[in-house]
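Fold and geometry: a report
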Amino acid sequence: MSERKKIYGELCALLTDYEGNGSGVPVETEDLYRMLVKIQNCWEDVITARD
C-alpha cells in the first residue's frame, strides 16, 4: 500500500471517529492537528507526487 493511501486511510478513520461513527474513542483537537501536520510534512513528496 502506498504512503498516500495510508495517510488517506488515517484521515478517513480520524474523521469517522470525529463524527462519532467510529470506535467510540473521542477525537481531541491535538489528534486533528497531528493529522494536518502529517499531511503538510508529506505534501510534496507523497500527497501531490505522481505514481
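These lines cover the structure that appears in this document, whether it is placed above or below. All figures in this text were calculated on a predicted structure; none of them were measured in a lab.

**Quick look at the nonpolar core**
Most often, soluble globular proteins have nonpolar side chains that are buried together. In terms of nonpolar packing, the biggest core is built from seven residues, these being I7, L14, V27, M35, I39, C42 and V46. Contributing elements (two or more residues each) for this core: α1 (3-18) and α2 (29-47). If one sorts the elements of this core by residue count, α2 sits on top with four residues.

**A closer look at α1**
Helical periodicity: at 3.6 residues per turn, an α-helix aligns residues three or four positions apart in one direction. When the terminal C-alpha atoms of α1 are compared, their 22 Å separation across 16 residues agrees well with the 22 Å that a helix rising 1.5 Å per residue should span. Remark: G20 follows α1 within two positions and exhibits a positive phi of approximately 90°.

**Quick word on the packing of α1 against α2**
In contact at an axis separation of 11 Å, α1 and α2 are set at 160° when each is read in the N-to-C sense. Between α1 and α2, the interaxial angle falls into the category roughly antiparallel. α1 and α2 meet at a crossing whose hand is left-handed. Residues E3, R4, I7, E10, L11, L14 and Y18 of α1 lie in contact with α2, whose contacting residues are D31, L32, M35, K38, I39, C42, V46 and I47. Within the contact of α1 with α2, the residues separate by chemical class into ten nonpolar, no polar and five charged.

About the cut-offs
- Residues numbered from 1 in each chain as written.
- Predicted model: local features only at pLDDT ≥ 70, side-chain atom pairs only at ≥ 80, totals over all residues.
- Heavy atoms only, no water.
- Core = buried A, V, L, I, M, F, W, Y, C linked by side-chain atoms within 4.5 Å.
- Buried < 20%, exposed > 50% of the residue type's maximum accessible area, 1.4 Å probe, protein only.
- Helix = DSSP H or I, 4+ residues; strand = E, 2+ residues; numbered from the N terminus.
- Expected span 1.5 Å × (residues − 1).
- Axes fitted to C-alpha atoms, helices over the stretch in contact; angles between N-to-C directions.
- Parallel < 35°, antiparallel > 145°, perpendicular 65-115°, else oblique.
- Left-handed = near helix turned anticlockwise from the far one by under 90°.
- Contact = heavy atoms within 4.5 Å.
- Nonpolar A, V, L, I, M, F, W, Y, C, P; charged D, E, K, R; others polar.

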